[in-house]
Each structure stands twice: as structure tokens, then as C-alpha cells.
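# Observations on the three-dimensional arrangement
Each chain, letter by letter, is given below.
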Amino acid sequence: MEFEGVILAFSLTLLAGLATGVGSILAFFTSNTNTKFLSWALGFSAGVMIYVSMVEIFVKAQDSLVGELGEKTGAWLTVIGFFAGMILIALIDKFIPKQGNPHELKKVEDMNKNPNGDGSLLKMGTFTALAIGIHNFPEGIATFTAALQDPGLGVAIAVAIAIHNIPEGIAVSVPIYFSTGDKKKAFKLSFLSGLSEPIGALAAFLFLMPFLSDVLFGMIFAAVAGIMVFISLDELLPAAKKYDEAHTSIYGLIAGMALMALSLLLFI
């Protein structure tokens, strides 16, 4: 394992996670939510994740497992790993407190309302930060392992996750600022919620990498594909449709898939 590759994987994961802070800053310095762009961007992110998961990550996982365990066993374990990734992220979603649902739509316009010290909003914002932190942990593992195996894939996944972390940052900032009037506190919680991604990367490095084999790699990659697809279908596309204007999210989805397809053909 090359030191430069590990540093790159950590860096990509850190940048993806800290995009929640970008969402917080946007909430502070823009007066209106650009719903058309946000819908397109979330659809684009989903397109990148779905395409790269099914066309590249799943295939690499299957090649690795089939090469080590034979065609039938390898194919079965790839499918099991794929759905295990989906089940993992679904369980995390299930146990996230309802008050802290990071998928709930928030708009920058809400920041302009006068703070009224509403304790329930402060609690909701804090739970949202916690929920996003929990949710981002396996995303950090996914980004890190993908970047470690293939830097090109890591960049694509990191960009897609960073895009989808921006509205999550807004989701933390809006209720906290609305309840306290404290921009620093809203930004700090939004920023910290994204740190769980590099923490996930660190956990992968410490507890998975020392035991990495072709079989473990194949299982991890299959699970990463499942995680990415679930995030796209459960988070990104529903959120994009909430902001949607005239199928903008679908155009973004197609653009994301097309760009990912072109990137795979030209650079990977």
C-alpha cells in the first residue's frame, strides 16, 4: 500500500465530508435557494453514483471474488455483499431519530426569519447534525476504499458525495440558526457533522486495511456499490424531486451518468 495513495484517499474523503460546511456557508451568504440548480446537482450526483456502482464498482468486486473463489461462489458473494451494503445503510436510516432526519427539505430563505429561541428547532438541528454524522460514516469508508483501489473512482465518488452533502449542511444550519441566531454555532455543528466521513476512512484504514485480501476487497467493494445505489435511490433522487422544476433532476441524472461513462472510457 503506497503512502501517497493513502494520503490521497484520506484527502478525498475529508473534502467530501466537509462539504456540509459549504452548505452552511451558502445558507449564510445567499438570500434564496437556487432550487433549479440544486435539483440538477442532486440528480447529477445520483447519476454518477448509480452508474459507477453498477458498471465499475460491482464489476470489479465480482472480478476479484470470482478470481479467488470461482465463478459461482464469487458471483453469489458479490450479490450478497451488494445487498449487505444496502441493508447496512437502511438500518442506519431506520435508527436515525425522526427529529434528525437529514433528508428533510430546508431552504436558505428560512435563515432570514427572525430567530425566536425555539428550543424544539435547536433540538431538531442538533439531531440532524448527529444523524448526518452517523449516516456519513459508511460513506467515508466507501470513498476511502474506492480511492485507495482506484483514484479515478475515488474522485468521482468524492465529488458525488460532496454535492449531496451541501444540502445536508443547509439542513443542519437552518434550524440551529433560526433557534439561536448564532451563525458560528450553526456552522460549527454543520462542519462537525461532516467529520464522520474522514473518521470512517480512518476506521477503514485501521481495522480493514491490515487484513485486506482479494476476497475482503471484493466484499467491501460490493458493499460500497450497494451503499452508493441505496443513497442515490433513498436520498438523492427524492431530495432532488422536492426541489424539482420540469424534470430538472432527471436531466441531471442523465448528465451524471453520461459524464461518468465518458470518464470511464477515457481515463479509467
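Right, let's walk through the structure included here. Please read these numbers as outputs of a predicted model, since none were measured by experiment. (Residues numbered from 1 in each chain as written. Predicted model: local features only at pLDDT ≥ 70, side-chain atom pairs only at ≥ 80, totals over all residues. Heavy atoms only, no water.)

Within the element layout of this structure, T145 appears in helix 5 (residues 119-149). Note on T145: relative accessible area 6%, which makes it buried. Among the polar contacts made by the side chain of T145, one reaches the main-chain carbonyl oxygen of A142 at a distance of 3.2 Å. (Helix = DSSP H or I, 4+ residues; strand = E, 2+ residues; numbered from the N terminus. Buried < 20%, exposed > 50% of the residue type's maximum accessible area, 1.4 Å probe, protein only. Polar contact = N/O pair within 3.5 Å; in protein donor to acceptor, adjacent residues only side chain to side chain.)

Within this structure, the stated rule accounts for eight aromatic pairs. Aromatic pair F144 and F205: ring centres 6.4 Å apart, planes at 85°, arrangement edge-to-face. Within this pair, whereas F144 is found in helix 5, its partner F205 is found in helix 8 (residues 196-208), the two being separated by 61 residues in sequence. Given the relative accessible area of 0%, F144 is considered buried. A centroid spacing of 4.6 Å and a plane angle of 40° characterise the contact between F217 and F221, whose relative ring orientation is tilted. Taken together, the positions of F217 and F221, both in helix 9 (residues 214-243) and four residues apart, correspond to about one turn of that helix. On the accessibility criterion, F221 (0% relative accessible area) is buried. (Phe/Tyr/Trp six-rings, centres within 6.5 Å; stacked < 30°, edge-to-face > 60°.)

Now for the pattern of salt bridges. All chains considered together, the criterion is met by two salt bridges. One salt bridge in this structure joins E56 and K60, with 3.6 Å as the shortest N-O distance. Of the two residues, E56 and K60 are both situated in helix 3 (residues 35-69); the distance of four residues between them amounts to about one turn of the helix. Measuring nitrogen to oxygen at the nearest pair gives 2.8 Å for the salt bridge that ties D150 to K60. Taken together, the positions of D150 in the loop between helix 5 and helix 6 (151-180) and K60 in helix 3 put the pair 90 residues apart, joining distant regions of the chain. Note on D150: relative accessible area 11%, which makes it buried. Bridged by salt links that share partners, the residues E56, K60 and D150 form one connected network. (Salt bridge = Lys/Arg side-chain N within 4 Å of Asp/Glu carboxyl O.)

Taken together, the side chains of F37, W40, I250, Y251 and I254 make up a nonpolar region of the molecular surface, amounting to roughly 510 Å² of accessible area. Elements with a minimum of two residues in the nonpolar patch: helix 3 and helix 10 (248-267). Among the elements that take part in the nonpolar patch, helix 10 stands out by supplying three residues, more than any other. Topologically, F37 is positioned in helix 3. (Patch = residues over 30% accessible without salt bridge, like charges linked within 9 Å, V, L, I, M, F, W, Y side chains within 5 Å. Areas by Shrake-Rupley, 256 points an atom, 1.4 Å probe, with all protein chains shown as cover.)

This brings us to the packing of helix 3 against helix 4 (residues 71-95). To characterise two packed helices, one gives the angle between the axes of the helices and the distance between these axes. Following both chains from N to C, one finds helix 3 and helix 4 inclined at 140°, their axes separated by 7 Å at the closest point. Taken together, helix 3 and helix 4 sit at an angle that is classed as oblique. Judged by the sense of rotation from one axis to the other, the crossing of helix 3 with helix 4 is right-handed. Contacts from M54, F58, A61, Q62, L65, V66 and L69 in helix 3 reach E71, T73, G74, A75, L77, T78, V79 and F82 in helix 4. Within the contact of helix 3 with helix 4, the residues separate by chemical class into 10 nonpolar, four polar and one charged. (Axes fitted to C-alpha atoms, helices over the stretch in contact; angles between N-to-C directions. Parallel < 35°, antiparallel > 145°, perpendicular 65-115°, else oblique. Left-handed = near helix turned anticlockwise from the far one by under 90°. Contact = heavy atoms within 4.5 Å. Nonpolar A, V, L, I, M, F, W, Y, C, P; charged D, E, K, R; others polar.)

Attention shifts here to helix 8. Over its 13 residues, helix 8 extends 17 Å from the first C-alpha to the last, a length consistent with the 18 Å expected when each residue adds 1.5 Å. Those residues of helix 8 lying buried are S196, E197, P198, G200, A201, A203 and A204. (Expected span 1.5 Å × (residues − 1).)

With respect to the element layout, P167 can be found in helix 6. Taking C-alpha positions, P167 is 7.4 Å from T20, a pair spaced 147 residues apart along the chain. Those residues in contact with P167, other than ones at most four positions away along the chain, are L38, L42 and Y243.

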